[in-house]
Amino acid sequence: MNRTKRSTATVVMFAATCLIGGCGNATTDTSAPKPVAEDKPMVDKKNWPKATPERGLAKGLSLPLEAYMQTYQDTVALDNASRKLQEECMADYGLPVELPLAGTTPPPSDNDANIERRYGLTDREAAAQYGYGLPEELTEQVRQKMPELTEVQVEVLTGHGKPAAPGAAGAAKAAPESYKGKKIHEGGCNGWARKQIVQPTDEEPAFVSELNGQSFTQSMEDPTVKKALTDWSQCMTDAGYAGLATPFEAADSVPHGEGEASQEEIAVALAEVDCKEKTGLVAVWFAEEAKIQKKLIAQHKGKLTDVRTRNSSAVTAANAKLAQ
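## A few points about the overall build of the chain
Step number 1: When helices and strands are tallied, the chain shows 11 helices and 4 strands.
Step number 2: Here the chain holds 324 residues, and the buried ones make up 44% of them.
Step number 3: For the chain, the share of sequence-separated contacts (at least 6 apart) that also reach a separation of at least 24 residues comes to 78%.
Step number 4: Element-wise, carbon and sulfur atoms account for 51% of the exposed surface of the chain, whose accessible area totals about 17100 Å².

## Observations regarding a nonpolar patch on the surface
Step number 1: Where nonpolar side chains cluster on the molecular surface, the patch consists of Met42, Val43 and Leu101 and spans about 190 Å² of accessible area.
Step number 2: Here Val43 shows up in the loop between strand E1 (34–35) and helix H2 (72–92).

## Focus on the state of the cysteines
Disulfide: a covalent bond connecting the sulfur atoms of a pair of cysteines.
Step number 1: Under the counting rule described, the total for this entry stands at 2 disulfides.
Step number 2: A disulfide bridge connects Cys89 with Cys189, and the sulfur atoms are separated by 2.1 Å. As the torsion about the S-S bond is roughly -70 degrees, the Cys89-Cys189 disulfide counts as left-handed. One end of the pair, Cys89, is in helix H2; the other, Cys189, is in helix H5 (residues 188–196), with 100 residues separating them in the sequence.
Step number 3: Classification of Cys189 by relative accessible area gives buried; the value is 0%.
Step number 4: In this model, Cys235 is linked to Cys275 through a disulfide, with the two sulfur atoms separated by 2.2 Å. Between Cys235 and Cys275 the disulfide shows an S-S torsion of about -80 degrees. By sign, it is left-handed. Note that Cys235 is positioned in helix H7 (residues 223–238) and Cys275 in helix H9 (residues 263–279), a separation of 40 residues in sequence.
Step number 5: Residue classification places Cys235 among the buried residues on the basis of a relative accessible area of 12%.

## Considering the nonpolar core
Step number 1: Counting residues in each nonpolar core, the largest one holds 32 residues, and the members touching the most others are Tyr119, Tyr132, Trp232, Met236, Ala250 and Trp285.
Step number 2: Looking at this core, the elements with two or more residues in it are H7, helix H8 (247–252), H9 and helix H10 (281–299).
Step number 3: In this structure, Tyr132 is in contact with Arg117, Leu121, Ala250, Ala251, Val254, His256, Glu265, Val268, Ala269 and Glu272, ignoring residues within four places of it in sequence.
Step number 4: Formed by 14 residues, the second largest nonpolar core is a distinct cluster that contains Met90, Leu149, Leu157 and Tyr179.

## Description of the pattern of salt bridges
It is possible for side chains of opposite charge to pair when their charged atoms get near one another.
Step number 1: In this structure the tally under the stated criterion is 13 salt bridges.
Step number 2: One salt bridge in this structure joins Arg55 and Asp123, with 2.5 Å as the shortest N-O distance. Here Arg55 is found in the loop between E1 and H2, whereas its partner Asp123 is found in the loop between H2 and helix H3 (124–130), with 68 residues between them in sequence.
Step number 3: In this structure, the salt-bridge partner of Arg83 is Glu87, at a minimum N-O distance of 3.5 Å. Of this pair, Arg83 and Glu87 both sit in helix H2, 4 residues apart, roughly one helical turn.

## As for the environment of Ser209
Step number 1: In this fold, Ser209 is placed in helix H6 (residues 203–219).
Step number 2: For the pair Ser209 and Asp112, spaced 97 residues apart in sequence, the C-alpha separation works out to 6.7 Å.
Step number 3: In this structure the side chain of Ser209 is engaged in a polar contact, spanning 2.7 Å, whose partner is the side chain of Asp112.

## Some remarks on helix H11 (residues 301–323)
Counting along an α-helix, one turn takes 3.6 residues, and residues three or four places apart therefore face a common direction.
Step number 1: Compared with an ideal rise of 1.5 Å per residue, which puts 23 residues at 33 Å, H11 spans 33 Å between its outermost C-alpha atoms and is within 8% of the ideal.
Step number 2: Elements that come into contact with the buried residues of H11 comprise H2, H6 and H10.

## Structural notes on the packing of aromatic side chains
Step number 1: By the definition in use, this model includes 5 aromatic pairs.
Step number 2: A ring pair is formed by Trp48 and Tyr72, whose centres lie 5.3 Å apart and whose planes are at 85 degrees; its orientation type is edge-to-face. You can see Trp48 sitting in the loop between E1 and H2 and its partner Tyr72 sitting in helix H2, a full 24 residues away along the chain.
Step number 3: It is Lys303 that lies over the ring of Phe207; its NZ or CZ is 4.0 Å from the centre.

What counts and what doesn't
- For every chain, the first residue of the written sequence is number 1, and numbering continues from 1 along that sequence.
- Per-residue local features of the predicted model are confined to residues with pLDDT of at least 70, and side-chain atom pairs are confined, for both listing and counting, to 80 or more; whole-chain, interface and lining totals are unaffected and use all residues.
- Calculation of side-chain values draws on the structure's entire complement of heavy atoms; hydrogens and water are dropped beforehand.
- By definition, any uninterrupted DSSP run of H or I lasting at least four residues is a helix, any uninterrupted run of E lasting at least two residues is a strand, and each is numbered from the N terminus.
- Remark: exposure states derive from per-residue accessible area (1.4 Å probe, protein chains only) relative to the maximum for the residue type, with buried under 20%, exposed over 50%, and partly exposed in between.
- Here, two residues are considered to be in contact whenever any of their heavy atoms come within 4.5 Å of each other.
- Each accessible area is a Shrake-Rupley estimate made with a 1.4 Å probe; only the visible protein chains count as cover when residues are assessed.
- Here a patch means residues that are over 30% exposed by relative accessible area and free of salt bridges, tied together within 9 Å if like-charged and within 5 Å if nonpolar (Val, Leu, Ile, Met, Phe, Trp, Tyr).
- What makes a salt bridge here is a side-chain nitrogen of Lys or Arg within 4 Å of a carboxyl oxygen of Asp or Glu, nothing more.
- Criterion for a disulfide: a pair of cysteine sulfur atoms at a distance within 2.5 Å.
- Residues belong to a common nonpolar core when they are buried Ala, Val, Leu, Ile, Met, Phe, Trp, Tyr or Cys residues joined through side-chain atoms within 4.5 Å.
- By the criterion applied in these results, polar contacts are pairs of N or O atoms within 3.5 Å in which, for protein atoms, one can donate a hydrogen and the other can accept it, and in which residues neighboring in sequence qualify only through two side-chain atoms.
- A helix is expected to span 1.5 Å for every residue after the first.
- For Phe, Tyr and Trp, where Trp contributes only its six-membered ring, two rings pair if their centres lie within 6.5 Å, and the inter-plane angle classes them as stacked under 30 degrees, edge-to-face over 60, or tilted in between.
- Any Lys NZ or Arg CZ that is within 6 Å of a ring centre and within 35 degrees of that ring's normal is treated as a charge sitting over the ring.

In short, shape yes, function no, at least from these values alone.
Have a look at this one:
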């Protein structure tokens, strides 16, 4: 269920590594996002995922645990506030640098629940056009120019020297204690920025994600959900697609790769969504999992409340910084 999030700090470290080893454009990952035209905006909020789906069988659905998850908008605000703080810190040392923007390549879903496809495909319109693939705007990637950091800039930004070149022995050397008489922060400007806005620890969102996965696993064992899945499977058999126990098996039953979806893929995708509508699978599954999540929330109310409070405070501070 988890979405991959790359923070600004990670991007900066990647840039520093590339200065040594040279990352270039050598990639054989055909699933990687495609570059977009230079005339497109760096950040296009129209492509950001909605808080809740606005169409399809999952329209308006939101699971209880989503209230404790970090949204994509939250993530972007926190990353951009960190970027702004790091840039200000670097400027104080007389080493101005422009760091990469967050929010340029949005994920398909707003949070780790991935409600749009949690129970398989739910949007018939998208299935008819893309099969199991994603809209073009979600497979494009804005390629930002990585900052060309000098050795001194890396030291002041990160608190240590440039990373060792790929294949080279030894770790990066420590940064000097100061630069032109000004003490370098512990962890550099990156570490200093993290202290200015206290964010949830890595373990806190991981805990919410763990509960999120737990509820999904438990829901598949629920008798009501099992009955709905059996009905859906029979519907798929009647449509000419026998032997599929779950929507996820339907997705795996046809090849789908880069480029336009095949007619075969689209046919299976449409049958999957139509059978969900006929059997009410999504509504049933959502209702039963929501019950499970409410029980989990009651069991861990204190910890979950702390996670939500810490995230809310961090986002408020981040937005305040960005408004300056």
